[in-house]
Amino acid sequence: MRVSWQGGEPVASDGARSEGGRKLSQVAEFDSVGLRYGTGAEVLRDLDFRLANGGFYFLTGPSGAGKTSLLKLLYLAQRPTRGRIRLFGEELSEAPRDSLPQFRRRIGVVFQDFRLIRHLSAFDNVALPLRIAGATEEQVEGPVREMLAWVGLADRASARPPTLSGGEQQRVAIARAVINRPDLLVADEPTGNVDAEMAQRLLHLFSSLNRLGTTVVVATHDVGLISATPGAKLIRLENGAVADPTGSLRNPPQPARGAS
Amino acid sequence: MFAWLFASPSEARLLGDARLRGPTAWVIAIMSFSIVVIAAAGLALATTAGTLGEAIQARYSVEAPGGGSDVGTLLAAVRTAPGVITAQAVSETEMRRTLERWLGPAAQSPDLPVPALINFDVADGAKLQAIQARVQTVAPAATVTSHREAVGPLLHSLRVLQWVAFGLVLLLSAAASAAVVLAARGALDTHRFTIEVMHGIGATDEQVTNLFQRKIAIDAFVGSVAGALAAAAVLLLLSAGAAFAGELTGGATLSGLDLLILALLPLALTALATWVARQAVLATLRKAL
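Quick notes on the rules
Residues numbered from 1 in each chain as written. Chains lettered and ligands numbered in written order. Predicted model: local features only at pLDDT ≥ 70, side-chain atom pairs only at ≥ 80, totals over all residues. Helix = DSSP H or I, 4+ residues; strand = E, 2+ residues; numbered from the N terminus. Contact = placed C-beta atoms within 7 Å. Core = buried A, V, L, I, M, F, W, Y, C linked by C-beta atoms within 7 Å. Buried ≥ 20, exposed ≤ 12 C-beta atoms within 10 Å, placed from the backbone. Domains from an automatic or database assignment. Axes fitted to C-alpha atoms, helices over the stretch in contact; angles between N-to-C directions. Parallel < 35°, antiparallel > 145°, perpendicular 65-115°, else oblique. Left-handed = near helix turned anticlockwise from the far one by under 90°. Nonpolar A, V, L, I, M, F, W, Y, C, P; charged D, E, K, R; others polar. Expected span 1.5 Å × (residues − 1). Pairing = 2+ DSSP bridges.

### With respect to the environment of A:Glu189
Residues and elements named next belong to chain A.
- In this fold, Glu189 is placed in the loop between β9 (184–188) and α6 (196–211).
- Here the alpha-carbon distance between Glu189 and Ile235, two residues 46 residues apart in the chain, equals 15 Å.
- The residues contacting Glu189, other than those within four sequence positions of it, are Gln112, Ala219 and Thr220.

So, in structure tokens, the structure goes:
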């Protein structure tokens, strides 16, 4: 069942399923995964963890710990140099590249640098995943308008990214990531450029998607965001390795005073 | 099969509105112009060589020194020789007019001896020795020469030039292909970010390739048709002035089939450019994850 949007909210989901239609218990499984760029040292090492289907995860850690590299592995922009990664029940570490697009369509990504196409309008940027998936213009129009309205950009639909503020660009990026109601949503610092109110709305959107079955992974330094999501689990990275392999850091830390 | 040619407005927007701004259409127009002109020359040479080859295949000449007082007798002897199908005497006036091209007014001088000349065609299996013997009974000094041997070097040159022209067409096509590869790679570099985003969202190589293939196909079509039209105008001007190989080859012409081939060349160039662009784009995309 695919998503439909009503009032900016996803209204239907049945969670991630394998190619055979079987409901998955794990969306992602990392076994002894390592990653190095070129001949340099490993930026990620010995990653062993599972992401449960329908889970909400925060990925934290200091700058340079490897969060973005780990997200790249999750959204199939990078292959591991060792170990095995299973996504949606399929071993994808060495899968032929022709098979990857069908999995990428099940993953929504909010990039740290937004990655909006500059010469396309906000509408076209948000509509891109639907069009790539083969939706007709009639199928695209309604959901994209609603999505833009929900992120507060209904009147900026025809604006191009260079004319949008950083926060507006980020909202377009988020709208694009969730428009297809992905099985897995990966977000890299999604609230870095938005105000506190919009951050809460975006978190609400992520939570709504999560309640309906989307597995959400958010890389963030925003302690407020983490504390506002009580059921979420933490994955802390340090020096390219999961710092809490026992899973004892399940309870999010309290926000720093004054943090939004 | 050709669905990729028809882009929706949203697909067209993905690569921006850069059509005809780049050099691809212009390069292909120049290549198309050159290819059509050279191909026309090659086809005209081929037609001329074919016509000439057929004409001289069974044609011979009898040349009797000393002129034409006995041309009638000689002509009768040739016509009655075994195996001769037709025979015609070349008038002295015509020969002097021909010689005038090289000798100028001196060709008309009565002091210049002009031999009697008779052209004749023979049937298959005719025995040249028997014809020569018959001729020499009325003109002992007469010699029989084969047009095939006399014109052979010219015919050979025409054939060589014809193949040189076709070789040039292939070379220009290869050069056009190389230009398209460079243009495709340039376009990929220009739109690398868009491609990365599309791939990240789940676009297949086929979807990305179709965008570039469509753009290059349109540029190639516009360029090759424009180049071919310019070439057609030039060829028409040349033929109107009877300069197009006229004097050299005896009035080379293009047959209906030749014109059809020339008309199809821009389409063939478009198809080649599109195919080459597709392969170049696919090869580049496969290097990325």
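### A few points about the nonpolar core
- Counting 122 residues, the largest nonpolar core has A:Val126, A:Val186 and B:Val36 as the members making the most contacts within it.
- For this core, the leading source of residues is helix α2 (residues 24–56) of chain B, giving 17 residues.
- By size, the runner-up hydrophobic cluster in this structure holds 16 residues, among which are B:Ala64, B:Phe120, B:Val122 and B:Val135.

### Section: the domain arrangement of chain B
- One can read the domain layout of chain B as domain 1 (10–53 + 153–285) and domain 2 (66–141).
- A straight line from the C-alpha centre of domain 1 of chain B to that of domain 2 of chain B covers 50 Å.

### A short note on the environment of A:Ala77
- Residue position: A:Ala77 is located in the loop between α1 (67–74) and β6 (82–87).
- Remark: the alpha-carbon pair of A:Ala77 and A:Arg104, spanning 27 residues in sequence, is separated by 9.1 Å.
- If we ignore the near neighbours within four places in the chain, the residues touching A:Ala77 are A:Lys72, B:Gly200 and B:Leu289.

### Things to note about the environment of A:Ser32
Residues and elements named next belong to chain A.
- Its place among the elements puts Ser32 in strand β3 (residues 26–36).
- When the C-alpha positions of Ser32 and Arg82 are compared, they lie 7.2 Å apart, and in sequence the two are 50 residues distant.
- The residues contacting Ser32, other than those within four sequence positions of it, are Asp46, Asp48, Arg82 and Gly83.

### Description of the packing of helix α6 (residues 147–190) of chain B against helix α10 (residues 256–285) of chain B
Residue and element names in this part refer to chain B.
- Contact geometry for α6 and α10: axes closest at 9 Å, N-to-C directions at 45 degrees. Judged by the inter-axis angle, α6 sits oblique to α10. Of the two elements, α6 crosses α10, and the hand of that crossing is right-handed. On the side of α6, the interface is formed by Ser173, Ala176, Ser177, Val180, Val181, Ala184, Arg185 and Leu188, while α10 contributes Leu269, Leu272, Ala273, Val276, Ala277, Ala280, Val281 and Thr284.
- Split by residue class, the contact of α6 with α10 holds twelve nonpolar, three polar and one charged.

### Here's the deal with the interface of chain A and chain B
- Contact residues are listed per partner, giving 20 residues for chain A and 13 residues for chain B.
- For the side of chain A that touches chain B, the per-class residue count stands at eleven nonpolar, two polar and seven charged.

### A few points about helix α5 (residues 166–178) of chain A
Residue and element names in this part refer to chain A.
- If you check α5, its first and last C-alpha atoms are 19 Å apart, about what 13 residues at 1.5 Å a residue would give, namely 18 Å.
- Taken across its 13 residues, α5 has eleven buried, putting it largely inside the fold.
- Taken residue by residue, α5 has Glu168, Gln169, Gln170, Arg171, Val172, Ala173, Ile174, Ala175, Arg176, Ala177 and Val178 as its buried positions.
- Contacts made by the buried residues of α5 are with β8 (107–110), α3 (122–132), α4 (137–150), β9 and α6.

### Regarding the sheet that holds β6(A)
All names here are of chain A.
- Strand order in the open sheet formed by four strands is β4-β3-β6-β7, and the pairing between neighbours is antiparallel. Every other strand in the sheet has two partners, leaving β4 (42–52) and β7 (90–91) as the edge strands with one partner each.
- Strand direction decides the pairing type here: β3 and β4, joined by seven bridges, are antiparallel. Paired with Gln26 across the strands is Ala52, a residue of β4.
- Together, β3, β4 and β6 form the strand contacts of α1, whose direction differs from that of β3 by roughly 125 degrees.

### Considerations on the sheet that holds strand β2 (residues 84–90) of chain B
Residue and element names in this part refer to chain B.
- What the four strands build is an open sheet, ordered β2-β3-β1-β4; its pairing is antiparallel. Of all the strands in the sheet, just β2 and β4 (143–146) have a single pairing partner and so form its edges. Along the sheet, successive strands turn relative to each other by an average axial angle of 25 degrees, direction set aside.
- Bridge count between strand β1 (residues 59–64) and strand β3 (residues 116–122): six bridges; the pairing is antiparallel. Within the sheet, the bridge partner assigned to Ala64 lies in β3 and is Ala116.
- Seen against the sheet, helix α3 (residues 71–80) touches β1, β2 and β3 and runs at an angle of roughly 165 degrees to β2.

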